[in-house]
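Close look at the chain arrangement
Here are the chains, one letter per residue:
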Amino acid sequence: MQAPFRVPAVAAGVTAFALSLGAAHVHAAWPDHPITIVVPTAPGGGNDAFARVIAQKMGETLKQTVIVVNRAGAQGAIASEYVARAPGDGYTILFGYIATHGINPALQKLRYDPVKDFKPIGMLASSPTLLVVSSGAGVNSVQELIAKAKKEPDSLSYASAGLGTAPHVTAELFKMVTGTSMLHVPYKGSAPAMTDTLAGTTQVMFPSLFSAYPHLASGKIKALALAGDRRSEVLKDVPTLEELGVKGVSVPQWYALFAPASTDQAIVDQLNKALNTALRDPEVIAKFKEQGADPQSSSPQELGEFVKSEVARWKKVVEAAKLSAD
């Protein structure tokens, strides 16, 4: 019987070396065409602004164009589902945030899993939630807001960036804790919600400080309090709700990048490196801090653990407050 064919040791070593060179070449060649960051909210809001600042700087590091595309709708689910099902080649990534990977998965059954369907790339920034009222609302303090909302139930309406978003959940927690009643008007993103609050069509909103800060100087909205753990460096005179006796309404908003779960870890690591390089850039830091946002970098592993803790946290909050996406 003829002996089975065996690859000589030297030949086998050469073959393995060639294969390793091929694999290295594949990663070295990435990216060879534009990368798309999918933002799950409408243009003009805080998410969109963050993404565009970061996209430019990441592109400089990766030596490739990074495009921002908005896919708003279904409280971020449309964009999240789209990216979860995209090829894991590193060319389509998600700008995820507290709603897509924290609150909304706890509120309702979705067609994506915030943990299993994504590979975390890295944390991007955080921004406190701010309680603002339109200048025509007839209130100048949290105490006045509570008194009016109790005396005249549903006479005030609050805008949100959509069901299951931080502005929606924060307002509902505020109502529950204070025993007040306000009408909910959901929008497709923070930008149109802010537009109507500035116009006085809606009177109350809980946007991120990043979204609200550029409009405070106009006088069309007033900042009454922060729904966060501490005061902001850019609004030192604005107290937290906790300071004012409104307990249990702390919703710091966070933002991060995610890739489809099938993405090669080597590509994820390259994206993480480019993101963290951008977050160290003085221009990026200045742009974020000028509007009340804090750049926050992380490793993919750290972001993964954080998302797991956020999903668990919001599940408890939703159950305790009996919140729903209706």
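Above: the structure in question.
Throughout what follows, the structure given in this document is the object of discussion. Predicted model, so just to flag it, every value in this text is computed and none were measured.

Attention now moves to the overall build of the protein chain. In terms of helices and strands, the protein chain carries eleven helices and eleven strands. Split into buried and exposed, the 326 residues of the protein chain put 51% on the buried side. The long-range share in the protein chain, meaning contacts at least 24 apart out of those at least 6 apart in sequence, stands at 78%. Within the structure as shown, the protein chain displays about 14,600 Å² of accessible surface, and the carbon and sulfur contribution to it stands at 56%. Each charge class in the protein chain can be summarised by its mean position, and for the 30 positive and 28 negative side chains these summaries are 2 Å apart.

The biggest cluster of nonpolar side chains holds 83 residues, and the ones touching the most others in it are Leu 124, Phe 174 and Phe 288. Not counting residues up to four positions away in its chain, the partners in contact with Phe 288 are Phe 50, Val 53, Ile 54, Leu 124, Ala 125, Leu 279, Ala 293 and Pro 295. Ala 193, Met 205, Leu 216 and Ile 221 belong to the second-largest nonpolar core, a separate cluster that totals 15 residues.

The next thing to look at is the pattern of salt bridges. Throughout the structure, instances matching the rule amount to 14 salt bridges. A salt bridge links Asp 48 to Arg 52, with the shortest nitrogen-to-oxygen separation between them at 3.0 Å. Here the residue Asp 48 and the residue Arg 52 both occupy positions in helix α2 (residues 46–62), the gap between them amounting to four residues, near one helical turn. Accessibility expressed as a relative area gives 6% for Asp 48, which makes it buried. The partly exposed category is assigned to Arg 52, whose relative accessible area is 40%. Each of Lys 57, Glu 60, Asp 281, Glu 283 and Lys 287 takes part in one network of salt bridges that share partners.

This paragraph deals with the sheet that holds strand β3 (residues 92–97). Here we have six strands laid out as an open sheet, ordered β2-β1-β3-β10-β4-β11, and mixed in their pairing. The sheet is open, and its two borders are formed by β2 (66–70) and β11 (294–295), each paired with just one other strand. Sheet topology note: the strand β1 (residues 35–39)/β3 ladder contains three bridges and is parallel. By the bridge assignment for β3, Ile 37 is matched with Ile 93.

Turning next to the packing of aromatic side chains. What the rule picks out here adds up to ten aromatic pairs. Between Phe 50 and Phe 288, the aromatic rings sit 4.7 Å apart at their centres with planes inclined by 80°, giving edge-to-face as the arrangement. On the criterion of sequence distance, the pair formed by Phe 50 in helix α2 and Phe 288 in helix α10 (residues 282–290) is long-range, its members being 238 residues apart. Overall, the relative accessible area of 1% leaves Phe 288 in the buried class. Ring geometry for Trp 254 and Phe 306: centres 5.1 Å apart, planes at 80°, overall edge-to-face. You can see Trp 254 sitting in strand β10 (residues 253–260) and its partner Phe 306 sitting in helix α11 (residues 300–321), a full 52 residues away along the chain. Using a relative accessible area of 3% as the deciding quantity, one classes Trp 254 as buried. Ring pairs connect the aromatic residues Phe 50, Phe 95, Phe 210, Tyr 255 and Phe 288, which therefore count as one cluster. Between Arg 71 and the ring centre of Tyr 82, over which it is positioned, the NZ or CZ distance is 3.7 Å.

Moving on to the pairing of β2. Two elements, β1 and β2, share five bridges in a ladder whose sense is parallel. From the neighbouring strand, Thr 36 faces β2, where its bridge partner is Ile 67. Between the parallel elements β1 and β2, the chain passes through α2 in a crossover that is right-handed.

Time to look at the side chain of Gln 64. In this structure, Gln 64 sits in the loop between α2 and β2. Apart from residues no more than four positions distant in its own chain, Gln 64 is found in contact with Pro 31, Asp 32, His 33, Pro 34 and Gly 59.

Bringing the side chain of Ser 80 into the picture now. Structurally, the position occupied by Ser 80 is in helix α3 (residues 77–84). There is a polar contact of 2.8 Å between the side chain of Ser 80 and the backbone oxygen of Gly 76. Excluding anything up to four places from it in sequence, Ser 80 contacts Leu 94, Thr 100, Tyr 112 and Phe 118.

Quick look at the environment of Phe 210 now. Following the sequence through the fold, Phe 210 ends up in helix α8 (residues 209–216). Sequence separation between Phe 210 and Ser 250 is 40 residues, and the spatial gap between their C-alpha atoms is 16 Å. Filtering out sequence-adjacent residues up to four positions away, Phe 210 remains in contact with Gly 46, Ala 49, Phe 50, Ser 127, Gln 291 and Ala 293.

Reading the values: rules and limits
Residues numbered from 1 in each chain as written. Predicted model: local features only at pLDDT ≥ 70, side-chain atom pairs only at ≥ 80, totals over all residues. Heavy atoms only, no water. Helix = DSSP H or I, 4+ residues; strand = E, 2+ residues; numbered from the N terminus. Buried < 20%, exposed > 50% of the residue type's maximum accessible area, 1.4 Å probe, protein only. Contact = heavy atoms within 4.5 Å. Areas by Shrake-Rupley, 256 points an atom, 1.4 Å probe, with all protein chains shown as cover. Lys, Arg positive; Asp, Glu negative; His and termini not counted. Charge placed at Lys NZ, Arg CZ, Asp CG, Glu CD. Core = buried A, V, L, I, M, F, W, Y, C linked by side-chain atoms within 4.5 Å. Salt bridge = Lys/Arg side-chain N within 4 Å of Asp/Glu carboxyl O. Pairing = 2+ DSSP bridges. Phe/Tyr/Trp six-rings, centres within 6.5 Å; stacked < 30°, edge-to-face > 60°. Lys NZ or Arg CZ within 6 Å of the ring centre and 35° of its normal. Right-handed = clockwise from strand over helix to strand, strands pointing away. Polar contact = N/O pair within 3.5 Å; in protein donor to acceptor, adjacent residues only side chain to side chain.

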